[in-house]
Every structure is written in C-alpha cells, then in structure tokens.
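This is what each chain is made of:
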Amino acid sequence: MDVEPRLKAWKARSNHEMVVCIHHSTDFEVHRNWLAITHSLPISQWYYEATSEWTLDYPPFFAWFEYILSHVAKYFDQEMLNVHNLNYSSSRTLLFQRFSVIFMDVLFVYAVRECCKCIDGKKVGKELTEKPKFILSVLLLWNFGLLIVDHIHFQYNGFLFGLMLLSIARLFQKRHMEGAFLFAVLLHFKHIYLYVAPAYGVYLLRSYCFTANKPDGSIRWKSFSFVRLISLGLVVFLVSALSLGPFLALNQLPQVFSRLFPFKRGLCHAYWAPNFWALYNALDKVLSVIGLKLKFLDPNNIPKASMTSGLVQQFQHTVLPSVTPLATLICTLIAILPSIFCLWFKPQGPRGFLRCLTLCALSSFMFGWHVHEKAILLAILPMSLLSVGKAGDASIFLILTTTGHYSLFPLLFTAPELPIKILLMLLFTIYSISSLKTLFRKEKPLFNWMETFYLLGLGPLEVCCEFVFPFTSWKVKYPFIPLLLTSVYCAVGITYAWFKLYVSVLIDPPIGKTKKQ
C-alpha cells in the first residue's frame, strides 16, 4: 500500500539530484581549484599558484572562506583538494559545491528579512500577497538571475549579496557603524563591490559624520563630528589590516593587486556584457561592414578576430578609436559624479542613498573595463527595494530586471536548460509585473507603449536565437550572432533604465526640514 508514496519520494529525490548535478559550468572548476590552493598550499603561495588557468583572483577574505570550506570538503572527497587534479568533478565534489551554496544562502535569507523591516507600510493591501513586504521578499528570495547564476551556473553571490543587503538594512535602521563594517568586510570578499563604494562613502559622511541639517535640507557645517569620522576610518582600517596584513608582511601586496585588477584582459568579457561598450563594439562592426562594401577599408588591414570570431576578449576596433582602461575609468567617474552630487546636495535619506547606490552600480556596469554580464545583479537587487516604494521606480525596476535577466540566458546554453531558464524567467517576470501593477493600481500604468513594445520584443529575439538561427547557414560562419544580438538588444533596455533612473534622481527635490538622529 505504501509503494506509490515511496515511488513519488524516489522520483522527487532523483529529480533533485538531477538538478544538483546536471549543469557543470567552468565556475565549478574555478572554485574547486581555489579550495585546493587554500587547503594544500601555504598562504605565501596562494596568489602565485598558477597550475590551473583559474588562478585565485578574489580578495583575501574570500580566500579564507574557501580555506574554511575546504576543511568540510575533505569529508566529501579528498581528491578535489589536490591542486594537480585539474577539471576534477566527482559526484561528491559537485554535491558538496551545490550544498555549500545553499547553506551559505542562510545569510541572504536573513538579510532579506531585515530589509523587509525597513519598507514603508503605507501601501498595505488587504491580502498578504498585496503587501509591499511580501512582494519584496519574493522579488529578492526568488530572483531569477540570482537563482540561475548561483544554483544552476554556480557561484556564491547569494552569500555576498546577503552581506550587501544587510549593510543596506543597517543604514536604513541608522546603525551606521554596523553598515560600514559589513560593507568593508564585503569589499574584502569580492572587490566588484567597489562599484558602489562612492555611494557608501558619501552617504556615511553626509548622514553620520554631519549630525544635523538646516531647515531647507542643506548641511550644517558646524555639526561635523570628528569622532565619528575617526570611528568610521578605524573600522575600515581594521578590516583592511586583517585582510591584507598577512600579505603586506610577506611583501606580496603588488602580486595580490595584480590578480585582483588584471587590466591586461580586454575591454569586454568573452561574452559581451549588455552595456555601452557592447553598443560601441556593435557600431564598430557595422561601420566595418559598410566600409568594406563601399571599399573605404582595406580587407587586409582589418583584424580577422574583429569580423569573424565575434565575442573575443582582445577586441580590436576597426573604425572607432580603441578603448583603454583609463578611458573606461574616466567615463565611469563622469557617469557616477551626478548621482554623488545629488546624494550630497539633495539629501533624500536612506532611499536617496539606495538610488545613488543603484546608479553607481549601473554606471560602473555601463562603462567599466572587462565587465562580466553577471554584474547586472549588483543593480537589480538594490533596485528591488526601491520598486515597492514608488510607481516610477517600479517601472524602472521591471525594465531593468527583465532585460538584465534575459541577458543572462547565454550562461545556460545546453538543450536541457532551455525550457528551465525560459519557464523560470517567465514565472518571475509575470509575478513581478502583476504584483507591482496591483500594488500601484491607483496610479498611472507602469509602462508606456514604447516600453511595452520593447519588452515584448524579447520573445521574438529568443525565438530567433534559439530556434531559427541554429538552422541557418550563418551558424558555422558567424556563430557569435545570437550572443551579439542578445547583448546589443539588452544593452538598449539597460541603458534606457539607467537614463530614466538618472532623470528621476536629478529632478526629485531634496527632503527639507530633516533632523538627523
């Protein structure tokens, strides 16, 4: 009589194991190698070891995190901790890596809970599912991008974003020192969060070191607290000393920084992130084709990689000027400065900080050097908190998250993953749009006709890339076209969301008559 329940349980277990083990991205080998390096080698060799091409290139706290994990990993499969076991991927190794990500997500769940406490409850619906806190918890906990990047593709972003969201929650709760400490720790786990460091620095200086505003919202210069500034500086210094101190003692800081900031890599990642440089590269390709057709360009002078191999790291521009790391840095700083200016001169409290943080993340994504496509999550997750507060922010969030999430599709490129990623994204997107429309049903529509037309265009784009292009003769000669189309199309949407958010920040008035705690 109990055969059927047992059969169902067996099927459920088999399906779970299949999901855990079905996908094996290169990031599995990256983190396995880091486990091996930190476990089997002394600290003096961590940032020199180069047996594998996947060398350790995260800050020291993450290296110590891998070291701690390695002492649990040895009980699963000791062989994964051998530096010379390149591309080692036993079933026990994969299971350990999968479950380590799931376990570390506990911090992310706690951070989401703390963020939900900070949400204004004015727009409270009769039903639980219409409450802003409930909607926000779903948008964060079931975020499509984070789900596929961490639990299918494989990374530890949930744990790291947990630290970031928790630091944001502490700033909302006016626990500034805790927020500063958590963010300093986060920077020494993964240095990509330097993108949003200007927002943290300016906000803490403006809202914590200066203790009062004038009635019009401008700063009271006499309210500056030198003690608070020293306290913040001491927190940052102590965290940095704990992280970098051992390598300073070993005289290895230059080697560590050379791993963290590898400017010898190209302008774009192997798969173009959907940012300004994707549009720039695409324009260069179009101008090259036109130049060849009109015989303005000599075919012998055009680098082969720029026209046939497509998405390469060392991309050489043919018509437009080539871009240097310094040029991307200048563009990024110029893009960030207006948001920093507004944060200082047009204070809007923690919400203003969150908008500035999102703009810093988006601006760095748009103009940074060698940006990974997964970095869009650094803007999407903070924007989730803004989306349940105002209809305008909800509209920007939906455009950003839909295009940003779709841009991650090429990370899952095998046939079995195709229905999974389409179904998961449809579920998340439909819920996001329907829940936010319900929340702001008394206000104007979240999308105009142009935005609706653009978002609906993702459907034909997916059909073209996945179901039409593979059966054309171009598949062999121009295999990069689906990736190029995806990057360029999504870059348009992300650029639009960035611009729309910037306009909103620039025209919003400051909050006057604010007395800081």
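Residues numbered from 1 in each chain as written. Predicted model: local features only at pLDDT ≥ 70, side-chain atom pairs only at ≥ 80, totals over all residues. Heavy atoms only, no water.

Looking at an unreviewed UniProt entry, one finds the protein named Alpha-1,3-glucosyltransferase, with Pongo abelii as its source organism. Among the UniProt annotations of the protein, the heading Pathway (unreviewed entry) holds the following wording: "Protein modification; protein glycosylation." Word for word, the UniProt comment on the protein under Subcellular location (unreviewed entry) is "Endoplasmic reticulum membrane". (UniProt positions renumbered as here; feature names shortened; annotations may be inferred.)

Asker: Please explain the overall build of the protein as it appears in this structure.
Answerer: If you tally the helices and strands in the protein, you get 22 helices and zero strands. Burial statistics for the protein: of 517 residues in total, 52% are counted as buried. Pairs at least 24 residues apart make up 76% of the contacts formed inside the protein by residues separated by at least 6 positions. Per element, the accessible surface of the protein, about 24600 Å² overall, is 69% carbon and sulfur. (Helix = DSSP H or I, 4+ residues; strand = E, 2+ residues; numbered from the N terminus. Buried < 20%, exposed > 50% of the residue type's maximum accessible area, 1.4 Å probe, protein only. Contact = heavy atoms within 4.5 Å. Areas by Shrake-Rupley, 256 points an atom, 1.4 Å probe, with all protein chains shown as cover.)

Asker: What's the story with the packing of helix α7 (residues 157-172) against helix α8 (residues 176-187) in this structure? I'm lost.
Answerer: Working note: a packed helix pair is described by the angle between its axes plus the distance between those axes. Two numbers describe how α7 lies on α8: the axes approach to 7 Å, and their chain directions differ by 160°. Between α7 and α8, the interaxial angle falls into the category roughly antiparallel. Crossing of α7 over α8 shows left-handed handedness. Contacts between α7 and α8 pair Leu160, Leu163, Met164, Leu166, Ser167, Arg170 and Leu171 from the former with His176, Glu178, Gly179, Leu182, Phe183 and Leu186 from the latter. For the contact of α7 with α8, the class distribution of residues is eight nonpolar, three polar and two charged. (Axes fitted to C-alpha atoms, helices over the stretch in contact; angles between N-to-C directions. Parallel < 35°, antiparallel > 145°, perpendicular 65-115°, else oblique. Left-handed = near helix turned anticlockwise from the far one by under 90°. Nonpolar A, V, L, I, M, F, W, Y, C, P; charged D, E, K, R; others polar.)

Asker: It is not clear to me how the packing of helix α17 (residues 391-406) against helix α22 (residues 481-507) should be interpreted in this structure. Could you clarify?
Answerer: Closest axis-to-axis distance for the α17/α22 pair is 9 Å, and the angle between their directions is 160°. One finds that α17 runs roughly antiparallel with respect to α22. For the pair α17 and α22, the crossing hand works out as left-handed. Of the residues in α22, those touching α17 at Asp393, Ser395, Ile396, Ile399, Leu400, Thr403, Gly404 and Tyr406 are Thr486, Cys490, Gly493, Ile494, Tyr496, Ala497, Lys500, Leu501 and Ser504.

Asker: Looking at this model, I keep getting lost on the pattern of salt bridges. Mind explaining?
Answerer: Charged atoms that come close allow side chains of opposite charge to pair. Under the criterion given, the structure shown has 13 salt bridges. In this structure, arginine 355 engages aspartate 508 in a salt bridge whose closest nitrogen and oxygen atoms are separated by 2.7 Å. Residue arginine 355 is located in helix α15 (residues 349-367), and its partner aspartate 508 is located in the segment after α22; the two are separated by 153 residues in the primary sequence. Residue arginine 355 shares its accessibility class with aspartate 508, and that shared class is buried. (Salt bridge = Lys/Arg side-chain N within 4 Å of Asp/Glu carboxyl O.)

Asker: Honestly, the environment of isoleucine 376 in this entry has me stumped. Any pointers?
Answerer: In this structure, isoleucine 376 sits in the loop between α15 and α16 (377-387). In sequence terms isoleucine 376 and serine 364 are twelve residues apart; their C-alpha atoms lie 9.7 Å from each other. If we skip the residues at most four places from it in the chain, isoleucine 376 touches Leu362, Phe365, Leu400, Gly404 and Ile494.

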